[in-house]
Amino acid sequence: MNKIYSIFISLVVGLSSLPVFSSSKDLLSDYFSEPKYHTVKLSPDGQHIGLVRQGEEQKELIVVDANTMKAVNQIYFESNDEVANFYWANNSRLLIKIDSPLKRRQYKGYYGELYAIDHDKSEGRFVFGLRSVITRRGIKGIANENTLDENLAHARILSLLPDDPKHILIRTDNYFEDDTWVKKLNVYNGKVETLAQLEGEVGEMDYDHSDNELWHKHWSFDDKRLIFERFDFKEESWKTFQLENFDHDVRLIGYSSKAGGLLIRGYCGEPTQGICLFKPEKRSITSVFHHPELDIDWTRIEGGKVVAARYQSDYPEWQFFDNESEWNILVSQLQQQFKSTRIDLAGWEKDSQRNLVMVEGDVSPLTWYLFDSKAKKLQFVAASRDAKGLPMYSFDFKADDGLPIQGYLTLPKVEKAQQLPAILLVHGGPIGVRDEWGFNPEVQYLASLGYAVVQINYRGSTGKGRPFKEAGYGEWGRNIQSDIHSGLQHLVEQAIIDPKRVCIMGASFGAYSAIANSLSHSDSYQCSIAFSGVYDLNEHYETRAPVAKRQYDLIMGNKKTRKQHSINKRVKQLKVPVLLAHGTKDRITDIEQLEIIEDELKDSDVEFEVFQLEGEGHYYYNPESRINFYKRVTKFLEKHNPVNL
């Protein structure tokens with residue numbers, strides 16, 4: 001494996017003007033720089049591999065011959081644009097999504113433009129978006145024949161149309177109108193054919209090329225109606241199917257002609273999220289598969305039939321429904337070879353000799369292999385990072401009210417896991433989010449410093465069914481905080497964690513919890529680190545859109561509850577030092593949240609530090625910002641909770 005790796009990398013470098021990053025002794029750089037490789041995809045015929053690689057200043061696309069592992073092309077842009085993602089439209093034509101700079105922000109975004117190029121050519125063209133009709137200096141774009149209005153839109157790919165090598169299906173949302181269109185786009189000349197139009201607020205869409213089925217799903221918050229719409233290509237119109245008083249948490253999986261309906265993922269009257277079948281003419285939804293305790297988060301469909309489903313217990317698990325499925329057989333075999341990892345077959349094709357295998361574990365970052373079905377061999381392709389990790393263990397405990405809670409513990413390199421300094425790292429949300437088993441750069445960095453890292457999937461976290469999720473509604477400052485502290489105490493009672501050497505840390509709701517838990521359990525922490533947080537819940541509520549407010553009424557509680565759970569007026573009572581950080585362009589939790597709590601702390605005896613990241617959003621997109629932030633975190637921890645006493 002190592003020999004193949006070294007040959008592959010040296011060949012890519014030989015054809016590239018930008019160097020490949022090597023493993024660094026600097027832990028901050030290892031964990032918080034951009035990944036070496038972001039995305040890897042195999043062409044439909046298995047002859048070429050595309051890799052989105054991190055260059056010194058921007059992401060670029062490298063194309064490699066799968067037979068020789070020699071690079072045949074390097075695609076990058078001469079301006080501040082960069083490759084965000086790409087798709088194989090056919091065996092030779094590549095479609096590239098481009099990220100461009102956002103005004104006064106440290107990060108880039110996708111404006112909806114699509115660029116097309118042959119895998120072995122040096123020049124391509126924009127086939128959708130503003131620059132497909134207007135050229136710009138420094139970009140190799142060629143104007144096409146479409147109107148300006150059509151291209152002032154954001155494109156999302158609905159289907160690559162595997163049976164049509166010249167076209168793809170896209171959904172376009174116009175910048176200045178509320179309507180949404182479904183169009184067939186020629187990937188060579190950029191010509192479009194409008195197939196369908198939807199007016200007003202549009203939700204999730206799905207197209208099944210095998211049965212030529214186009215569906216749209218929307219949920220009405222006002223009257224709790226689940227709305228399905230099917231497009232009739234002969235009549236060129238939508239047919240609407242409505243279900244009254246139905247749960248909004250539904251996702252489209254795909255149409256199944258064999259089952260005679262639309263496969264969806266949802267509760268469908270069950271306590272957990274599973275696979276359901278919607279039969280349009282009967283307006284009925286029935287359960288296909290529901291795990292009794294856990295939510296399904298991914299499904300595999302073959303020929304309109306569900307053959308596999310994945311869910312998260314302590315670790316990722318598969319449920320196989322078809323023992324003759326070649327996909328299931330291969331995944332089962334790979335699980336034996338790559339133990340304690342999460343496996344996926346990216347773009348798997350039954351009749352292809354070659355397929356890509358993605359492998360990720362707690363100690364190993366995302367890695368891609370090329371599987372040859374004829375030779376029954378795996379060949380290393382690329383790894384997202386050079387950094388390696390430390391094992392992540394699952395543990396269970398009971399909350400104060402008896403509710404079963406699960407968490408993760410990542411241990412530093414020590415001879416004996418006893419009386420360790422720790423970081424209690426709280427995830428955001430709080431509803432519909434969870435910590436997952438796998439390679440987490442933040443967790444691994446903190447553990448590499450010598451801390452045990454504790455993560456708690458408190459009530460409200462996703463994955464354990466509706467009752468567990470709803471148990472977190474309105475519990476921001478009550479039972480959720482109790483769950484977080486109970487998880488820590490469980491490890492303290494086992495003498496794994498030193499109760500006098502713990503700091504609590506988190507982002508977004510995790511930042512709220514870092515402060516709230518330090519207020520309610522001041523004797524348990526040496527310090528608190530909060531970034532991108534929300535502290536005045538009513539102030540935050542008033543800045544949200546009407547749809548978001550309806551959701552917040554559910555998960556935050558009413559105005560009185562939000563006031564009770566707000567912590568901005570109580571921070572003067574803190575007994576531990578606190579580090580506050582916030583991006584100045586955060587659009588999820590406004591910078592005003594930081595300013596509110598900072599003003600309160602200035603008029604107190606609390607020791608605190610404030611760190612603003614200029615131009616950053618809710619997440620710290622710029623690697624330099626991430627590294628600077630964690631430098632500050634490291635110094636703060638060394639001062640208030642040193643590993644070595």
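What counts, and at which threshold
- Residues numbered from 1 in each chain as written.
- Predicted model: local features only at pLDDT ≥ 70, side-chain atom pairs only at ≥ 80, totals over all residues.
- Heavy atoms only, no water.
- Helix = DSSP H or I, 4+ residues; strand = E, 2+ residues; numbered from the N terminus.
- Rg over C-alpha atoms; globule rule 2.2 N^0.38 Å.
- Buried < 20%, exposed > 50% of the residue type's maximum accessible area, 1.4 Å probe, protein only.
- Contact = heavy atoms within 4.5 Å.
- pLDDT = per-residue confidence, 0-100.
- Patch = residues over 30% accessible without salt bridge, like charges linked within 9 Å, V, L, I, M, F, W, Y side chains within 5 Å.
- Areas by Shrake-Rupley, 256 points an atom, 1.4 Å probe, with all protein chains shown as cover.
- Salt bridge = Lys/Arg side-chain N within 4 Å of Asp/Glu carboxyl O.
- Lys, Arg positive; Asp, Glu negative; His and termini not counted.
- Charge placed at Lys NZ, Arg CZ, Asp CG, Glu CD.
- Expected span 1.5 Å × (residues − 1).
- Arc of directions from axis to C-beta.
- Core = buried A, V, L, I, M, F, W, Y, C linked by side-chain atoms within 4.5 Å.
- Polar contact = N/O pair within 3.5 Å; in protein donor to acceptor, adjacent residues only side chain to side chain.
- Phe/Tyr/Trp six-rings, centres within 6.5 Å; stacked < 30°, edge-to-face > 60°.
- Lys NZ or Arg CZ within 6 Å of the ring centre and 35° of its normal.
- Disulfide = S-S within 2.5 Å.

Comments concerning the overall build of the chain
Thinking step 1. When helices and strands are tallied, the chain shows 13 helices and 35 strands.
Thinking step 2. Whereas a compact globule of 645 residues would reach a radius of gyration of roughly 26 Å, the chain reaches 26 Å, a difference of no more than 12%.
Thinking step 3. Dimensions of the chain, computed from C-alpha atoms along their principal axes, come out at roughly 70 × 60 × 55 Å.
Thinking step 4. Out of the 645 residues belonging to the chain, those deemed buried represent 58%.
Thinking step 5. Within the chain, residue pairs in contact and separated by at least 24 positions form 53% of the contacts whose partners lie at least 6 positions apart.

A short note on the confidence of the model for the chain
Thinking step 1. Residues of the chain with pLDDT of at least 70 account for 93%, and the chain-wide mean is 88.
Thinking step 2. Every residue in residues 1–25 scores below 50 in pLDDT, and together they form 51 contacts with partners more than four places removed in sequence or on other chains.
Thinking step 3. For the stretch residues 137–145, pLDDT sits under 50, and the model shows 33 contacts to residues farther than four places along the chain or on other chains.

Topic: a negative patch on the surface
Thinking step 1. Together, Glu539, Glu592, Glu595 and Asp599 make up a negatively charged patch on the protein surface.
Thinking step 2. It is helix α12 (residues 591–602) that contributes the most residues to the negative patch, three residues altogether.
Thinking step 3. Along the chain, the position of Glu592 falls in helix α12.

Topic: helix α8 (residues 509–520)
Thinking step 1. Between the first and last C-alpha of α8 there are 16 Å, a value that for 12 residues agrees with the 16 Å anticipated at 1.5 Å per step.
Thinking step 2. Among the residues of α8, those classed as buried are Phe509, Gly510, Ala511, Tyr512, Ser513, Ala514, Ile515, Ala516, Asn517, Ser518 and Leu519.

As for helix α10 (residues 546–555)
Thinking step 1. Every buried residue of α10 is listed here: Ala548, Tyr552 and Ile555. All buried residues of α10 lie within an arc of 70° about the axis, which places them on one face of the element.
Thinking step 2. Positive phi shows up at Gly557, right after α10, with a value of about 105°.

A word on the nonpolar core
Generally speaking, nonpolar side chains in soluble globular proteins are found buried as a group.
Thinking step 1. In terms of nonpolar packing, the biggest core is built from 54 residues, with Leu424, Ile497, Ile515, Leu574 and Leu580 touching the most fellow members.
Thinking step 2. When residues of this core are assigned to their parent elements, the largest contribution, seven residues, is made by α8.
Thinking step 3. Those residues within four positions of Ile497 in sequence are excluded, and the remaining contacts are Gln419, Leu420, Ala422, Ala452, Val454, Leu488, Leu491, Val492 and Val502.
Thinking step 4. If you look at the next biggest cluster of nonpolar residues, it comprises 30 residues, including Leu446, Ala581, Leu613 and Phe636.

A short note on the side chain of Arg131
Thinking step 1. Within the element layout of this structure, Arg131 appears in the loop between β8 (125–128) and α3 (148–151).
Thinking step 2. Taking relative accessible area as the criterion, Arg131 reaches 5% and is therefore assigned buried.
Thinking step 3. Of note is the side chain of Arg131, whose polar atom sits 2.6 Å from the side chain of Glu113.

What about the packing of aromatic side chains?
Thinking step 1. Tallied over the entire structure, the rule returns 32 aromatic pairs.
Thinking step 2. Their ring planes at 15° and their centres at 6.2 Å tell us that Trp215 and Tyr255 sit as a pair that is stacked. Of this pair, Trp215 sits in strand β14 (residues 213–220) while Tyr255 sits in strand β17 (residues 251–256), placing them 40 residues apart in sequence. No difference in accessibility class separates Trp215 from Tyr255, as the two residues are buried.
Thinking step 3. Ring-pair connections join several aromatic residues into one group, and the members of that group are Tyr31, Phe32, Phe439, Tyr445, Phe531, Tyr620, Phe629 and Tyr630.
Thinking step 4. When the ring centre of Tyr87 is taken as origin, the NZ or CZ atom of Lys41, which lies over that ring, is 4.0 Å away.
Thinking step 5. The ring centre of Tyr267 lies 4.3 Å from the NZ or CZ of Arg466, which sits over that ring.

Let's talk about the pattern of salt bridges
Thinking step 1. This structure, assessed with the given rule, holds 32 salt bridges.
Thinking step 2. We note a salt bridge from Arg466 to Glu470, for which the minimum N-O separation is 3.5 Å. Of this pair, Arg466 and Glu470 both sit in helix α6 (residues 466–470), four residues apart, which is roughly one turn of the helix.
Thinking step 3. Residue classification places Glu470 among the partly exposed positions, given a relative accessible area of 35%.
Thinking step 4. A single salt-bridge network, built from bridges that share partners, covers Lys569, Lys572, Glu600 and Asp603.

Brief notes about the environment of Val633
Thinking step 1. Relative to the helices and strands, Val633 resides in helix α13 (residues 623–640).
Thinking step 2. Here Val633 falls in the buried class, since its relative accessible area comes to 0%.
Thinking step 3. Ignoring sequence-local partners within four residues, the contact set of Val633 consists of Met505, Ile529 and Leu579.

Concerning the environment of Ser448
Thinking step 1. Along the chain, the position of Ser448 falls in helix α5 (residues 441–448).
Thinking step 2. On a C-alpha basis, the gap between Ser448 and Tyr315 in space is 22 Å, while along the polypeptide they are 133 residues apart.
Thinking step 3. In this structure, Ser448 is in contact with Leu27, Tyr31 and Leu390, ignoring residues within four places of it in sequence.

A word on the state of the cysteines
Note on terminology: disulfide describes a covalent bond linking the sulfur atoms of two cysteines.
Thinking step 1. Summed over the entire model, instances satisfying the criterion amount to two disulfides.
Thinking step 2. Disulfides within the chain link the bonded cysteines, taken in sequence order, as 1-2, 3-4.

With respect to a nonpolar patch on the surface
Thinking step 1. A cluster of nonpolar side chains, namely Tyr111, Tyr175 and Phe176, defines an oily patch on the protein surface of about 350 Å² accessible area.
Thinking step 2. Examined against the element boundaries, Tyr175 turns out to sit in the loop between β10 (167–174) and β11 (180–186).
Thinking step 3. According to the relative accessible area criterion, Tyr175 is partly exposed, its value standing at 38%.

Side note on the side chain of Lys217
Thinking step 1. By the element assignment, Lys217 lies in strand β14.
Thinking step 2. By relative accessible area, which is 8% here, Lys217 ends up buried.
Thinking step 3. Polar side-chain contacts of Lys217 include one of 2.6 Å to the backbone oxygen of Val250.
Thinking step 4. The contact partners of Lys217, leaving out residues within four places of it in the chain, are Gly203, Glu204, Leu226, Ile227, Phe228, Val250, Arg251 and Leu252.

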